[in-house]
Amino acid sequence: MTPASVKRLLSAGYRVFFLLAGLFAVFAMLVWESSLAIEAAGGTVSYGFATAPQMWHAHELIYGYGAAVIAGFLLTAAPGWTGLRAAPSGFFALASAIWVAGRLAVWWSASLPPLLVAGIDLVFLPIVGAHVLTLLLKRPKPAQMMILGVIALLWSGNAVMHGDWVGAGGDAWLGARVGVLALATLIVILGGRVTPAFTRNAMVRTGREHRLPRNPVRLGIAAIAPAIAASLTLLVGLPMEIPGALAAIAGLVALARLARWRGGWTFGQPILWSLHLSYGLNALGLVLTGLAWSGIGSELAGLHLLAIGGIGSMTLAVMSRAALGHSGRPLVAPAPVAVAYGLVPLAALIRFAASASPTLHDAGVLLAGGLWIVAFTLYVVALWPVFWGERGIAKPAQA
């Protein structure tokens, strides 16, 4: 690590935040796995945070990992949307330091005033959102403003969790549910753009002119609107059947969209089929979670399929593609990353099955977590030179 490599790391959102997200994905799951293993062996575990391990696990993967991915994506994509310059390295240094401070504050929350922990953790997304908003106000992009609205919902879910912890009212588990649903909604929106677009571009490059992906605007609206409404109605405390029905509708329409994107053509191209597979798991997770909130099926099973298979798989796919493209490298997933694309959905399916089998629950949860750790370790190791190294010579990709 040299001053030049550190300067490169802090030169772009995809570099610093996609690296932090990958590292934290491994760390957070190692902490959770170790606590489960120790408890299964009859021991007790004690960390520096004030909450139960399962609550720390939920919060940090949603509002730690998830927020880092969002920051990396928005701070990379917004300059392309608006045609304006990216933020200076000083901004990336400050924003990443604030994100790290939030993780440390939550980790040591047992020794810190709850209001201080909340203040440190809650400031990150508004800083990122405010920077993106300044760009969008200079070059208005109404469709992108919707994304900032969903991020406001995500931030509100985090505030609900901290509100519970500081004793100001709120329900921490409700905040976690809102966070998962808001992240899934972002996938419905952004995954619904990039998946058919990238597939179409790849097909056209081969000379194909017919049977290209179709992405009707009305169908997109029919998926996005209920997904946003589900997050909002959940946040304001309407009966669970209402956000449940909305989430299920959003998932079903998202599956209808996916069926029009020619996913079968992408076999043999991991950097493409990973987008289709993760969008499908996200949609299926919305359906199953929505049904569970209406009294049909297991909520934990649905939420974990959504969180691991949908959010985990899609963020891994988008981070790796954006990192390769924006660093000027060929849009071909390195072999370790291609393996990771398969491991995370497999972890989601194992975790889903574990929720339905009390006898296999503990082993299934540990196995799923282990696969997650291996997948993100492969991602970090394979793309380490991309985050720290010099650019290639290819034209930057669009995030």
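What you see is a predicted model; the values in this text were computed from it and never measured.

Novice: Could you give an account of helix α8 (residues 172–205), with specific residues and numbers?
Specialist: For α8, with 34 residues, the first-to-last C-alpha span of 48 Å sits near the 50 Å given by 1.5 Å per residue. Of all bends in α8, the biggest is about 35°, found at G191. With a side-chain oxygen positioned 2.9 Å from the backbone nitrogen of W173, the residue opening α8 is D171.

Novice: An account of the packing of aromatic side chains is needed here, citing residue identities and associated values.
Specialist: Aromatic ring pairs are defined here through the distance separating the ring centres and the angle between the ring planes. For the structure on display, the rule yields 20 aromatic pairs. Considering the side-chain rings of F49 and W56, the 5.1 Å spacing of their centres and the 10° angle between planes classify their relative orientation as stacked. Accessibility classification places F49 together with W56 in one group, the buried group. Joined through ring pairs, the aromatic side chains of F24, F27, Y47, F49, W56, W99 and W107 make up one cluster. Directly above the aromatic system of W99 lies the positively charged group of R103, at a separation of 5.6 Å from the ring centroid. Lying over the aromatic face of F198, R321 brings its terminal NZ or CZ to 3.6 Å of the ring centre.

Novice: So what's going on with the nonpolar core? Residues and values would help.
Specialist: F17, Y65, F124, F376, Y379 and F387 are the most contacted members of the largest nonpolar core, which totals 131 residues. When residues in this core are grouped by element, the largest group, 18 residues, is from helix α3 (residues 53–82). With near-sequence residues (within four places) excluded, F17 lies in contact with A68, A71, G72, L75, F92, A95, S96, W99 and F124.

Novice: Which residues make up the environment of A159, and what values go with them?
Specialist: Within the element layout of this structure, A159 appears in helix α7 (residues 142–165). The spatial distance from the C-alpha of A159 to the C-alpha of M29 is 23 Å, given a sequence separation of 130 residues.

About the cut-offs
Residues numbered from 1 in each chain as written. Predicted model: local features only at pLDDT ≥ 70, side-chain atom pairs only at ≥ 80, totals over all residues. Heavy atoms only, no water. Helix = DSSP H or I, 4+ residues; strand = E, 2+ residues; numbered from the N terminus. Expected span 1.5 Å × (residues − 1). Bend = angle between axes of the 7 residues up to and from the residue. Polar contact = N/O pair within 3.5 Å; in protein donor to acceptor, adjacent residues only side chain to side chain. Phe/Tyr/Trp six-rings, centres within 6.5 Å; stacked < 30°, edge-to-face > 60°. Buried < 20%, exposed > 50% of the residue type's maximum accessible area, 1.4 Å probe, protein only. Lys NZ or Arg CZ within 6 Å of the ring centre and 35° of its normal. Core = buried A, V, L, I, M, F, W, Y, C linked by side-chain atoms within 4.5 Å. Contact = heavy atoms within 4.5 Å.

Note that all results are geometric; they support no functional claim without further evidence.
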